[in-house]
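Examining the three-dimensional arrangement
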Amino acid sequence: MKNYFSFSLILISIGSFAQNPSRESMDPKVTEVWDLKPKKITPGTNPSDAPSDAIVLFDGKDLSKWSTLAGSDAKWDVKDGAMTVVKGAGDIKTKQTFGDMQLHIEWRAPAEVVGDGQGRGNSGIFLQERYELQVLDSYESVTYSNGQAGAIYKQSIPLVNACLKPGEWQTYDVIYTAPRFSDNGRVIVPAYITIIHNGVVIQNHTQINGPTEYRGMAVYQTHGKGSIKLQDHGNPVSFRNIWVREL
Ligand code: MG
């Protein structure tokens, strides 16, 4: 068996050499990169902790990084390290705008179950104020599949339903690439999104087809960097540990 293994290795080596005769004589250092080094950062102790190069958008204390859509002070409730939608207070958005990003955000549907479908624990995370990653209590409640938790709303169904029970904290880790537009406003490269929900990949480099629409098809319109917007859908959904890394 050992001899057969050695013989196979020799055959593989001869085969490789025949395909690329110059490789054997090549100095391995030719393909080593030494002068460019990735910036050294300190990861968080736990997955929910912000790494040293992250921008912390909500640390559980206040909404200083957030405003209403009109730009006034955000009026959501802040208590016990979490922010919670106050019905009628309206959507809130980050004061800072972003393009490509890694986003960590934790959310919790209300423990007291009220309503069904789109009316049970509904909120949403709009990337660049336009593209909604759905937040919803989809643990047992049924709705249209491209509108459940983890969907790119009305566009892309999550690969699996990784929801926890209402009242439990859940995580979204998002890797997002913003769309690219030409000078005349046409989309050259659409947005792409990868989402890990409670440690499980539910969107894998999913193409976003355009801004979220409740009615009709999505159509891209050119834009620059945008805020992260959180939705007031009238349900007391909570968020915590929100941080972002620009990519
Ligand atoms: Mg929503």
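Residues numbered from 1 in each chain as written. Predicted model: local features only at pLDDT ≥ 70, side-chain atom pairs only at ≥ 80, totals over all residues. Heavy atoms only, no water.

1. Digging into the packing of aromatic side chains
Applying the stated criterion across every chain, the model contains 6 aromatic pairs. Taken together, a centroid distance of 6.0 Å and an interplanar angle of 75° make the contact between Phe 181 and Tyr 220 edge-to-face. Residue Phe 181 is found in strand β10 (residues 180-181), and its partner Tyr 220 is found in the loop between β13 (200-208) and β14 (229-230); the two are separated by 39 residues along the sequence. Tyr 220 shares its class with Phe 181; the two are buried. Feature note: the residues Tyr 131, Tyr 176, Phe 181 and Tyr 220 constitute an aromatic cluster, connected by ring pairs. (Phe/Tyr/Trp six-rings, centres within 6.5 Å; stacked < 30°, edge-to-face > 60°. Helix = DSSP H or I, 4+ residues; strand = E, 2+ residues; numbered from the N terminus. Buried < 20%, exposed > 50% of the residue type's maximum accessible area, 1.4 Å probe, protein only.)

2. As for the side chain of Asp 91
As for its placement among the helices and strands, Asp 91 is situated in the loop between β4 (82-84) and β5 (92-94). A polar atom in the side chain of Asp 91 sits 2.8 Å from the backbone nitrogen of Asp 232. Aside from chain neighbours lying at most four places away, what touches Asp 91 is Ser 67, Thr 68, Leu 69, Trp 76, Lys 229, Leu 230, Gln 231 and Asp 232. (Polar contact = N/O pair within 3.5 Å; in protein donor to acceptor, adjacent residues only side chain to side chain. Contact = heavy atoms within 4.5 Å.)

3. Describing the pairing of strand β15 (residues 238-246)
Sheet topology places strand β1 (residues 55-58) next to β15; 3 bridges connect them, and they run antiparallel. Among the inter-strand pairings, Val 56 is bridged to a residue of β15, identified as Trp 243. Relative to β15, β4 runs antiparallel, the two sharing 2 bridges. Looking at the pairing, Met 83 lines up with Phe 239 of β15. As paired elements, strand β6 (residues 101-108) and β15 share 7 bridges and run antiparallel to each other. For Trp 107, the partnering residue across the bridge sits in β15 and is Phe 239. (Pairing = 2+ DSSP bridges.)

4. Some points on the coordination of the magnesium ion
Taken together, Asn 122 (OD1), Ser 123 (O), Glu 132 (OE), Gln 134 (OE1) and Gln 231 (OE1) make up the protein donors of the magnesium ion, found 2.2 to 2.4 Å from the metal. The sequence motif formed by the donor residues of the magnesium ion is N-S-x8-E-x1-Q-x96-Q. Residue Glu 132 is located in strand β8 (residues 131-135), and its partner Gln 231 is located in the loop between β14 and β15; the two are separated by 99 residues in the primary sequence. The pair formed by Glu 132 and Gln 231 is uniform in burial state, with each residue classed as buried. (Donors = N, O, S within 2.8 Å, 3.2 Å for Na, K, Ca; no water.)

5. Describing the sheet that holds β8
Taking strand neighbours across the sheet as the criterion, the 5 strands line up as β2-β5-β14-β7-β8 in an open arrangement whose pairing is antiparallel. The strands lining the two open edges of the sheet, one partner per strand, are β2 (66-68) and β8. Note: β2 against β5, 3 bridges, orientation antiparallel. Residue pairing in the sheet places Thr 68 in a bridge with Ile 92 of β5.

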